[in-house]
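Breakdown of the fold
Spelled out, the chains give:
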Amino acid sequence: MLHINESFNNIKSVKLFGWENKFLNNIGNTYKEELAIGDKALLRNKMHDVIGGFFEKFMPLAVFSVYTGLGNTLTLGQMALTSIMLDRIRGRVQQVPRLY
Amino acid sequence: MANKASFMKFTLVRVLLQIDDLIIPFLIAEVLTWIQKAEPEPLEATLKMMMMALLIPALHMIVHTTWEYFCFQMIELGHRAHTSLKVMLFRKNFRMTTATNKDFSSGEISHIIMNESNKIWTLIWNGPEYFECPLHLISASYFVFSELGWSGIIAVVFTLCQIYHGYIRG
């Protein structure tokens, strides 16, 4: 009740001094700032998605490329076993920042 | 005693499931290598490999069934622990008066009862992950190294980068 009374008194003060437009401008500016921060956060998240996706998708490619590039022959069994293990690493890596 | 027994049983099952996670990839690799072989082999060797191939879905089925059963047990255990904790805290709260308790308001204690006691679920679900996560990371990296030799260092570098990136991302 105390807070409601305070709110109504403040509204009355704003109207009494004719500050509506000033306050509307202030609210508008704050909203624009909020939108700009939201856009920045969205851009940051997308950039992190790209970087995270790069590490995730290119890990097997990089590992197998280096292995074959060094002159080794990759068998299907080796590839299957390594892919499963790399997949397991990928899955568990996501948990690390959440757990520790 | 019953709680200790069920905890031991639960730990044993989780450990066996982890071992199973490590066995299945090797079975898959063995079967794939066998499928690729072109030279003739004795019937016993073929039967052995067929058995090994059939072991993969059989193990998956056993793991799935066991895991589902223990998930139910975990939920049951979580509810019991959660409810017991709340009962204990409520009992304590009812006994406390403003004369005996000057540090905490009853609202604060109610908050602990209704919200903080839910943390017990984190222990139930995430507790084993604290051990399983490094175990899987280390064992998987080791197997990558044993299969690909020093080329596996690329996987370790990528893993470390991913972990670092995860912390930066927050």
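I will try to describe carefully the structure that is included in this document.

Cut-offs applied
- Residues numbered from 1 in each chain as written.
- Chains lettered and ligands numbered in written order.
- Predicted model: local features only at pLDDT ≥ 70, side-chain atom pairs only at ≥ 80, totals over all residues.
- Helix = DSSP H or I, 4+ residues; strand = E, 2+ residues; numbered from the N terminus.
- Rg over C-alpha atoms; globule rule 2.2 N^0.38 Å.
- Buried ≥ 20, exposed ≤ 12 C-beta atoms within 10 Å, placed from the backbone.
- Contact = placed C-beta atoms within 7 Å.
- Nonpolar A, V, L, I, M, F, W, Y, C, P; charged D, E, K, R; others polar.
- Core = buried A, V, L, I, M, F, W, Y, C linked by C-beta atoms within 7 Å.
- Axes fitted to C-alpha atoms, helices over the stretch in contact; angles between N-to-C directions.
- Parallel < 35°, antiparallel > 145°, perpendicular 65-115°, else oblique.
- Expected span 1.5 Å × (residues − 1).
- Bend = angle between axes of the 7 residues up to and from the residue.

A look at the overall build of chain B
When its secondary structure is counted, chain B shows five helices and zero strands. In terms of C-alpha radius of gyration, chain B reaches 25 Å, well past the compact-globule figure of 15 Å for 170 residues. Once the C-alpha set of chain B is aligned to its principal axes, its extents read approximately 90 × 40 × 20 Å. Looking at chain B residue by residue over its 170 residues, the buried ones come to 10%. Across chain B, every contact between residues at least 6 apart in sequence was considered, and the portion connecting residues at least 24 apart equals 65%.

Overview of the interface of chain A and chain B
For an interface, size is often stated in terms of accessible area lost upon the parts coming together. Facing the 28 residues of chain A at the interface are 32 residues of chain B. At the level of elements, helix H2 (20–69), helix H3 (76–93) and helix H4 (96–99) of chain A are the ones that each hand at least two residues to the side of chain A that touches chain B. By residue number, the principal contributor to the side of chain A that touches chain B is H3(A), which donates 13 residues. Across the side of chain A that touches chain B, the residue classes tally to 19 nonpolar, seven polar and two charged.

A few points about the nonpolar core
Nonpolar side chains tend to gather and get buried jointly when the protein is soluble and globular. If you look at the biggest cluster of nonpolar residues, it comprises 20 residues, and the most contacted ones within it are A:Val63, A:Met85, A:Leu86, A:Ile89, B:Val144 and B:Ala155. Residue assignment for this core shows that the elements contributing at least two residues are H2 and H3 of chain A together with helix H4 (119–148) and helix H5 (152–169) of chain B. Per-element accounting of this core gives the leading share, six residues, to H4(B). Sequence-distant contacts of B:Ala155, that is, excluding residues within four places in its chain, are made with A:Met59, A:Val63, A:Leu86, A:Ile89, B:Ser141 and B:Val144.

Regarding the packing of H2(A) against H5(B)
Where H2(A) contacts H5(B), the two axes come as close as 9 Å, and the packing angle between them is 175 degrees. On the basis of their axis angle, the class for H2(A) and H5(B) is roughly antiparallel. Residue-level inspection shows A:His48, A:Ile51, A:Gly52, A:Phe55, A:Met59, A:Ala62, A:Val63 and A:Val66 of H2(A) in contact with H5(B), the latter providing B:Ile154, B:Ala155, B:Phe158, B:Cys161, B:Gln162, B:His165 and B:Arg169. Per-class residue counts for the contact of H2(A) with H5(B) are 10 nonpolar, four polar and one charged.

Notes on H2(A)
The terminal C-alpha atoms of H2(A), which comprises 50 residues, lie 71 Å apart, in line with the 74 Å expected from a rise of 1.5 Å per residue. A:Phe58 marks the point of greatest bend in H2(A), at about 45 degrees, and the proline A:Pro60 comes within the next four residues. Little of H2(A) is tucked away: five of the 50 residues are buried. For H2(A), the set of buried residues is A:Phe55, A:Met59, A:Val63, A:Phe64 and A:Tyr67. For H2(A), the secondary structure elements touched by its buried residues are H3 of chain A together with H4 and H5 of chain B. Directly after H2(A), the chain includes A:Gly71, whose backbone phi takes a positive value near 95 degrees.

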